[in-house]
Amino acid sequence: MSTKRKSKSPEAQVFKPDKKFAKTTRISSMAQYKRMWKESIDSPSKFWAREAKDLTWQKKWSKVLDWKAPFAEWFVGGKINVCENCVDRHADGPRKNKAAIIFEGEPGDRTVLTYAQLKREVCKFANVLEANGVKSKDRVIIYMPMIPEAAIAMLACARIGAVHSVIFGGFAVDAIVDRLEDSGATTVITADGGWRRGKVVPLKDNVDAALEKYKGVKKVIVAKRTGQDVTMKRGRDLWWNEECAKVPGTHKAKAFDSEHPLFILYTSGSTGKPKGILHTSAGYLMGTYISCKYIFDMKDDDVYWCTADVGWITGHSYIVYGPMANGVTQVMYEGAPNQPDFSRFWRICEDLGVTIFYTAPTAIRAFIRAGEEFIKPYDLSSIRLLGSVGEPINPDVWLWYREHIGGGKAPIVDTWWQTETGSILISPLPGCTPTIPGTATLPFFGVDAAIVDETGEECKPDESGRLVLRKPWPSMLRTIYNDKPRYKKTYWGDFKGLYTAGDGARRDKQGNFWITGRMDDVLNVSGHRLGTAEIEGALVAHEAVAEAAVIGRPDDLKGQAVVAFVSLKGGKTGDDALLKELRNHVGKLIGAIAKPDDLHFTPALPKTRSGKIMRRLLKELVATGNVTGNTTTLEDPTVIDNLKRILGR
Ligand code: PRX
């Protein structure tokens, strides 16, 4: 990549916080950060009791934490309405006429919703849901484009205590069916379609196809976005606008227990079945609220933009719940960053005066590759803070981001967290933490992170190991939906009392965390999590395929690329037509993001004598062209030479 610099090693490049920035921010010295962090660890009840005062409670909690490992309850005895915290308290106060969402559609249409307007729309939709029989704890699937209605639907569910489960609009029919079945959803909220790179994504058609297979849905509510013809099934399918026209724009926000389920979000694990990560109300709201307050330093005059999609956790926590709980003005954009070209984001930033910008390294790498001519014409001087999320950020990319988007001055917060953690757990605080390109730096309040070896012993500084968390935190997942044993085993089963994140990392002598990536069979492709087992399952579901093994390889743009090894039934050899068909087949079952970048046909896969596929060997072969590790357990050692030939090594 053209950004490579011959300068000193990145770890030598420490960026001290900007003095001007520190003057206006909430935490302006390391001493203050350390004091607050220590209090959050040593006296969590005191720390969280103080911070929780920022939220609006319908009944104050009696106990901050009840921890029966590995099950936590936070703010026990409290009653709260998450939607009221994100909407009503702003709409009913001085932020009434402040823009909550400035929406730009991919075709260029713009809508502004003030907090008062947002409240009216959310109340209407809450009434629509109730009028259509949705009750507290019912599961509601949301499969929508990035339009304000997606946020409105989520907030309306929260308002009435229904549990939403958002499915990323890029997921295909079978992925919808899996999630419908696992959640037992009774209602689906979707749109006719969404715009992506000038084309319509046929969301309603996909829902119709999914509902051929899953029969438990009683109502489908459809927002109009793209305007193409869709089939509306009588008695089941309803238009969003027609339903909203029938109900009042007021709705009383009921009080729910702190631990009332808020949403399920499915994410990939190391088996073929996605995990339904369950988050609950008060603790999740606390975590997303407080991280926006201190890490994004959100203030009333900010214009904040997180470029994620609401279908992922980043969209949940840092488009909907965290920013709105802080009453900030935010930008929401429907489409692709390169539509019509790579200047789209920067035109929006200049035009709307974006002050805080949060995106993923994969997007930054795409901008670097596209070239500076798409950025140069735009005035980005309003940007005062940059964020990065989803994957390790290469130091070169970090430096480019600061220079070209941050004007050489905006601090970067490299934020480490996961669907399971609910909110950011490791990150610099922009007014006080010295940053170094490539490290997410230090733990946030209430976070007791450590690096341990395979026996669970803490590693020495600079030694690589596994990232674990030693204490519960408010926005932690509460369980895997309908699967407590899997929750216990996956996250708390490796070492007693430790949450295993699944990431490899090391901590330097200053205490900074350097995250190196997943240690399990989970890939991180363009900042999105994909399970190798899920892709293998999709490949094997094709009639021609006998076996498949999927691994990741480093990729300049996407972080990781998907590499599949496939052996065919009857020992057949594959051709280009079948290769294309298999890629499309994966796209059809899971979604375009899961399509293998490379697909190799092979007569056999490397296996142990007990039949386990040795992915480790495949990874090494693809990365280095050779296998150096132990191969004595291989059932058939000739497989390796064969594979080398196939890979052209
Ligand atoms: O491997 C880590 C990586 O993304 C994983 C979590 O993925 P997901 O649940 O989809 O959530 C993505 C958005 C939070 C982690 O286990 N990851 C996330 N942020 C970073 C990161 N890796 C390195 N640095 C980060 N800042």
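Residues numbered from 1 in each chain as written. Predicted model: local features only at pLDDT ≥ 70, side-chain atom pairs only at ≥ 80, totals over all residues. Heavy atoms only, no water.

A.B. asks: Break down the domain arrangement of the chain for me, citing the residues and quoting the values.
C.D. replies: Assigned domains within the chain: domain 1 (16–336 + 415–499) and domain 2 (522–647). With centres defined by C-alpha atoms, the gap from domain 1 to domain 2 works out at 34 Å. Tallying the contact residues gives 19 residues for domain 1 and 14 residues for domain 2. When domain 1 packs against domain 2, the two sides together hide about 1100 Å² of surface, and 52% of this comes from carbon and sulfur. Ranking the residues of domain 1 by area buried against domain 2 places Ala-172, Ser-268 and Trp-312 at the top, with a combined share of 38%. Summed over the shared surface of domain 1 and domain 2, the number is one salt bridge. Our count for the contact surface shared by domain 1 and domain 2 stands at seven residue pairs in polar contact (both at pLDDT 80 or more). Looking at the side of domain 1 that touches domain 2, the element that brings in the most residues is helix H7 (residues 173–183), giving three residues. Each residue belonging to the side of domain 1 that touches domain 2 can be placed in one class, and the counts come to seven nonpolar, nine polar and three charged. (Domains from an automatic or database assignment. Contact = heavy atoms within 4.5 Å. Buried area = accessible area lost by both parts, 1.4 Å probe. Salt bridge = Lys/Arg side-chain N within 4 Å of Asp/Glu carboxyl O. Polar contact = N/O pair within 3.5 Å; in protein donor to acceptor, adjacent residues only side chain to side chain. Helix = DSSP H or I, 4+ residues; strand = E, 2+ residues; numbered from the N terminus. Nonpolar A, V, L, I, M, F, W, Y, C, P; charged D, E, K, R; others polar.)

A.B. asks: Give me the site of the ligand: which residues, what numbers.
C.D. replies: If you check the shell around the ligand, you find 17 residues, and the closest are Asp-414, Thr-415, Thr-419, Asp-503 and Arg-518. One nitrogen or oxygen atom from the main chain of Glu-391 is found 3.4 Å from a nitrogen atom belonging to the ligand. Here Thr-415 contributes a backbone N or O atom positioned 2.8 Å from a nitrogen atom of the ligand. Notes on the ligand: free accessible area 540 Å², of which the protein chains cover 97%. (Near = heavy atom within 4 Å. Areas by Shrake-Rupley, 256 points an atom, 1.4 Å probe, with all protein chains shown as cover.)

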